[in-house]
Structure formats: C-alpha cells, structure tokens
Amino acid sequence: MTSVPGFPGAPAVVLFREQITKDDMHVQQFYDRIKILTEDGKKYANVELAFSSWQGDGYWEGDDNMMGDIIGRTIHSDGTIIPFTGKPYLKTITKEGDFKFQEKIFTLPDVEVGSIIEYRYSKRYNDHIYEPPRWLIQGDLFLKAAHYVWYPTTVELIDREADLPVNAISWFPILPAGAAIQHREIPGKDSHGNTASVYELNVKDVPPVLHEEFMPPTGSFSYRVLFSFTPYSSGADYWKSKGKSWSKHADSFMGPNSELRAATQAIIAGATTDDAKLRKIYATVMSLDNTDYSREHDRQEDKAAGLGKVNNAADVLSHKRGNSTAMTELFVGMARAAGMKAYLMLVTNRTEDMFAQGWLNFNQLDTALAIVVVDGKEQFFDPGNRYIPYGTLEWQNTLVGGVRQLDNGTGFASSPGEPYTANKTTRVANLKMDEHGAVAGDIDLAFTGNMALHWRQRALRGDDESIKHALRTYLEEDLPKTLQPTVVSITNLEDYEKPLLVKYSVIGTLGTPTGKRLVLPVDIFTAHTRATFPDEKREVAVYFHYPQAVIDAMRINLPKNMTLEATPASSDFSIKGTGMYKLTVEPAATNVTVRRTYAFNEVLTPVAQYPALRTFYSQFEAKDQDSIVLKQAAVESAGAGAGGN
C-alpha cells in the first residue's frame, strides 16, 4: 500500500484502531496501527498522549488519571521489526488549581517511508471513578477500520450532585452512514452478581476530517460517540434537573446578602438610571484582579493576609479578586442588589465546539455570561473577560447555545451576535517621499472590539517590549518588505472603553522603479494580499470568527520631481446583505490619497453561497493589487542648449 485512493498525497493511513473501556478495571486500552506513506508521514512516529487529571479533597477525591503501559514497534516493509525500548517522557503542559494537563511523549524507532508503526497504551484512573468513554472516530488520517468496545460497570452508581441512583446510559452519536452501535447483554453473571452488557461499534473506511481554511468548529460535526451515565429517564429531565441544581447553587453564591447590598449602594450612589448604575457596577468588577489572567491564591496566602474562605459574591468583592466565573457571578449579584433583574447563563466557548443538547454533559458549558434587564430590555455582559467593554461579548461567546436562568427556572438560550461596526480596525498612513523614492512618515492604527481585546489581553502575558515587538510584527506582515515600522506609542491599553491606539513611525523605500517611472501599491496595507478562497469548490461552510470592518487611508506626499501618471479607477463591490468594498483614489498636484473600506457582516456562509462569496473576494483582492504610477520629470543637464559639431 503506497497511497489512499481518493486522497492523493496522504502522509499516512490508520490501518486499524481499537479502544476498549473496562469500567470495573478502571482502564481504557488503546491500540493504533499506522502505515507511513510519505516523508511528511514520518512525523506520526512522534506520539504525544495528552491527558488531564485533578486532585480533589474530602468527598471529591479526584480522578488520578495516568497514561502508561506503553509498548510499540516499527515494522519495515521487508519484515524487519524494531521494538520501542525507550522511556516515555512526562511533560506538564499547564497546572490550574487542582487540575493538571500533561502529555506522555515517545518516538517509535527507525521509521521510514513504507514502515508500519503500532503502539498500545492504557489510561488508568481512580478506583472510585467510573468514566464513560468518548469515541472520537474521525481524525487527520484516513481510517481503514476501527473497533470500539465499552464494558460498563454493573455497580450501582450514585449521581453525587443529584443524589440519585444512575439507572441509564445515554449517548450522543455522529456516525458515518451504515455504522451503528450494538448493545447486547453478556450471558451469565459478573463478579457483582449482576447481568453485564457491552456496547460495541465497528467502522470502516472513514475519511479524514476536512481541513479547509475558515472552517466551523470541527468538534461539532466530526464522527464521534459521547456517552454519559444518567439517573434521568430523558434528556429533557436531565437538563431540567441539572439546570435547577446549577441555578440554585449560583443563586446561593450570588446572593445578594446584606454585605453585598451595602457595598453596591455605596458604589452606585449618585446614579439615577439603570444604565448608569450598571456601568458603575461593571467598572468596579472589572477593576478587580481576575485570577484567570494573573494567578490563583492558595488558602495559606489568604490566611496570611487576614482573608477568609470565599463563600459568596460579597467575599469576592472584599478579597478584590476571583476567577472569571466569580467575576460574572459578582456582577449579577451586584445588579440584583441595585434592584435590577439579572440572570446567569452558561455557554460553550465556540473556539472548537458548539453546544450539543443531545450530549447529557453539563461540563460542556464552560463560560459564564450575565444577562441584565436595562430599561426594560435584556442586555448581555461578559465581565469575566478581562478588558472587554461594557455590554459586549468576546467572539467565542457570541451566537452559541447554552443554559440560562429564568424567572421560573432555567431553559435553553443562545447568546446574541454583534454587527461589523462593533469590530473595527482603522489604518492611516501619512508618508512623504523624496526624489529618490525613499519614504518616511507615520502610521496610526486604531482597534475596537475583538482586535482591541486581543492586544490588551496579549499585553497581560508580557512586558512593554514584548507587546511592542508583537505589534511591530503584526504591521510588518501587511506592509511591503521595504518599509520598516517602529512602535512609537500605545494609548488606552488598559482603558477598555476607548479604542486602542498604536502610533508607528516608518522609513524605507516604496515602489518598483521601471526606467523613468515608479510603480507603487495602491494600498500599502494590502501589499501581501493573497487569494483568500483559491479553490473553486468547497465542502463545508465558510466560518469567520466575527463580523468586522477594516478602513484604510493612505496619503503619499510627492517630491517636486515626481508627478502622477496613472491611478486606478474607483471601485465598489458588494455581496447582497453581507459584505461591501470600496476603493477611491484622489489625485492632487502634490500628493495622492487612497481610501479603502472593507466590511463583512456574517459569521457563517453556507456552501451554496460560496460561489458568490468567492467572486466578491476575488474582485476586491484583484483590485487591492492595482498600482499607482509616478513619472519622474526630466532633469536638464548643465550643458543643455550648447552648440555642437
């Protein structure tokens, strides 16, 4: 086997994969057999097994997850076998409170094109933990065949949160045509004297996950089966009960109690409208230390500082710190203390996944948002997100489903989107050219919305020099290579309610000389534009993170020996109800000014509308490559007009 039919250039192929889960042994066993087809495919000899574990205390003991029992070998095409004899390396990726994210890393030996690699490993966990499996079927490689098996425990389990006996198993399947889960009982009795059962799935010829640019979150539609233990008879009962329990605990934490009411009244003193009150509350919450962006403090530190355990939202305010969820809960509690209707909502961050109502797992809801009724209308807030403006959401938390509090319980809901006007990047260049084509001047960038949030949060991860370096590199990627920008100043870096302003100075040369002419790019900010959608056909919808607008203005002040010979005609393209592009060139005696506006107001474009989207992009990206032509005036020589022989 040297290739995969229908997938030319495939680097490797999974010949067989197996995953067996044995609950009563508290182990999941894995096996992979992979054929290497190209030089690039040799990278699959480097295996990284990611896993997470958490250490609890008291009733919640933790799961103690660990990867081990690793064996493997390389089989050459002539039958030679080279066993893996090394020692896997354990690497800690991150540690967040009681949670630790790690990898077991190893490399199979002497792999070459044509080799087959195979390896087995086990994931073991706490004897008190019963963990339903996740069968993630579709991956980067073509899968010839796979076998999945689960032997659920017959031990009577208790849902600790609901304090109810687990009496059912549910699953959320996304499977290829013809594949089905087989559930059967095993004859006889198991070690507990109960009738055991098994869930089994066989799949064949599963294509790899498509990798196209601007794809929706792959976790939402790749082939998979997600199991859950449940004490509930239906999905509706599960979400109703879990939602009620979550809401009750959240209300208990948020209050407000008398301490929070008193603190809130002092903060909103002088404000006369709901909006004015809420803005003061929001500013107070955003001024606190969000430990998701700094660090957690352990109990010993709090004790040394004279601070007790955090039991409620009032404690978060008095400690002046908390994680993102605590910040959002504090905001809701203070809004209630100010006399407003306020609710908590949990959503799934759509960076990689979307909310799957059919999967009975409350943990997929990983981000808390606030909903407050302001002047009779519900508004959404994201106070757990450092530096996000009042009344806005980060893109990952827009247009996603989740569970929210209601006056009479909880229910499903979706967070709103935002228009392109909420995410604006403005780029202004004012350059002066000398008679040799050298330029110098200023470039001013202004960010609002998600780009401003990105840079503000990026600054939290480094010092002044690192953010300046990152911003310089960001601009260099757009400008012609002959221009060298330097960051002069950054304004409003911490003032999240104002646009983030970055001023650059720039020097260098501009344009391509051709005899007596100099050919300039029509817009220096699009000098490196390439086709966004080069492929004529597309398999999945186009997915942008958020709507946005980019507005450019460029003025080049010309030297006396240069005149404009040719400028592009103005252009105006649009895609109905979704996007627009305008380019104008304004020639003058001593300068030329270019104005460019791009705006796109959608997140998801269906495959059926891809041809129109591709045409729109092709039109304006071609226009971005137009040129301005300058002509150099003739220079009279010292002997001009003298007679000759």
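Data block above holds the structure.
The structure presented is a predicted model; accordingly, all values stated were derived computationally and were not measured. (Residues numbered from 1 in each chain as written. Predicted model: local features only at pLDDT ≥ 70, side-chain atom pairs only at ≥ 80, totals over all residues. Heavy atoms only, no water.)

Structural notes on the packing of aromatic side chains
Right, on to step 1. Counting across every chain of the model gives 44 aromatic pairs.
Right, on to step 2. Measuring from centroid to centroid gives 5.7 Å for Tyr232 and Tyr238, while their planes differ by 80 degrees, and the two rings are edge-to-face.
Right, on to step 3. Residues Tyr282 and Phe381 carry aromatic rings whose centres are separated by 6.3 Å and whose planes lie at 50 degrees to one another, so their mutual orientation is tilted. Taken together, the residues span a long stretch of sequence, with Tyr282 in helix H3 (residues 274-286) and Phe381 in strand S22 (residues 377-381) at a distance of 99 residues.
Right, on to step 4. Through a chain of ring-to-ring contacts, the aromatic side chains of Phe214, Phe533, Phe544, Phe573, Tyr581, Tyr598, Phe600, Tyr610, Phe616, Tyr617 and Phe620 assemble into a single cluster.
Right, on to step 5. A cation over a ring is seen here: Arg386 above Tyr387, with NZ or CZ 4.4 Å from the ring centre.
Right, on to step 6. When the ring centre of Tyr343 is taken as reference, the NZ or CZ atom of Arg404 above it lies at 5.0 Å. (Phe/Tyr/Trp six-rings, centres within 6.5 Å; stacked < 30°, edge-to-face > 60°. Helix = DSSP H or I, 4+ residues; strand = E, 2+ residues; numbered from the N terminus. Lys NZ or Arg CZ within 6 Å of the ring centre and 35° of its normal.)

So, the nonpolar core
Taken as a class, soluble globular proteins show a tendency for nonpolar side chains to be buried jointly.
Right, on to step 1. Counting 55 residues, the largest nonpolar core has Ile443 and Ile524 as its most contacted members.
Right, on to step 2. It is helix H9 (residues 610-623) that provides the largest number of residues to this core, a total of five residues.
Right, on to step 3. In contact with Ile524, not counting residues within four places along its chain, are Ala429, Leu431, Ile443, Asp478, Leu479, Pro480, Leu483, Leu510 and Met554. (Core = buried A, V, L, I, M, F, W, Y, C linked by side-chain atoms within 4.5 Å. Buried < 20%, exposed > 50% of the residue type's maximum accessible area, 1.4 Å probe, protein only. Contact = heavy atoms within 4.5 Å.)

Section: the side chain of Asn290
Right, on to step 1. One can find Asn290 in strand S18 (residues 289-290).
Right, on to step 2. Of note is the side chain of Asn290, whose polar atom sits 3.0 Å from the backbone nitrogen of Asp292.
Right, on to step 3. Ignoring anything within four residues of it in the chain, the contact list for Asn290 reads Gly322, Asn323, Ser324, Met327, Gly384 and Arg386. (Polar contact = N/O pair within 3.5 Å; in protein donor to acceptor, adjacent residues only side chain to side chain.)

Quick notes on the environment of Ile158
Right, on to step 1. Residue placement: Ile158 occurs in strand S12 (residues 158-159).
Right, on to step 2. Exposure remark for Ile158: the relative accessible area of 41% places this residue in the partly exposed category.
Right, on to step 3. A sequence separation of 90 residues divides Ile158 from Lys248, and the C-alpha atoms of the two residues are 20 Å apart.
Right, on to step 4. Here Ile158 is in contact with Asp163, Leu164, Pro165 and Val166, once residues within four sequence places are set aside.

Quick word on a nonpolar patch on the surface
Right, on to step 1. Residues Ile93, Phe99 and Phe101 make up a contiguous nonpolar surface patch of about 260 Å² in total accessible area.
Right, on to step 2. Structurally, the position occupied by Phe99 is in strand S8 (residues 99-107).
Right, on to step 3. For Phe99, a relative accessible area of 41% translates into the label partly exposed. (Patch = residues over 30% accessible without salt bridge, like charges linked within 9 Å, V, L, I, M, F, W, Y side chains within 5 Å. Areas by Shrake-Rupley, 256 points an atom, 1.4 Å probe, with all protein chains shown as cover. Salt bridge = Lys/Arg side-chain N within 4 Å of Asp/Glu carboxyl O.)

A look at the sheet that holds strand S29 (residues 512-514)
Right, on to step 1. The strand order S29-S30-S38-S33 describes an open sheet built from four strands, whose pairing is antiparallel. Where the open sheet ends on each side, the last strands, each with one partner, are S29 and strand S33 (562-566). The sheet shows a mean angle of 35 degrees between the axes of neighbouring strands, taken without regard to direction.
Right, on to step 2. Across three bridges, the pairing between S29 and strand S30 (residues 517-521) is antiparallel. Opposite Thr512, over in S30, you have Val519 as the bridge partner. (Pairing = 2+ DSSP bridges. Axes fitted to C-alpha atoms, helices over the stretch in contact; angles between N-to-C directions.)

None of this, on its own, says anything about what the molecule does.
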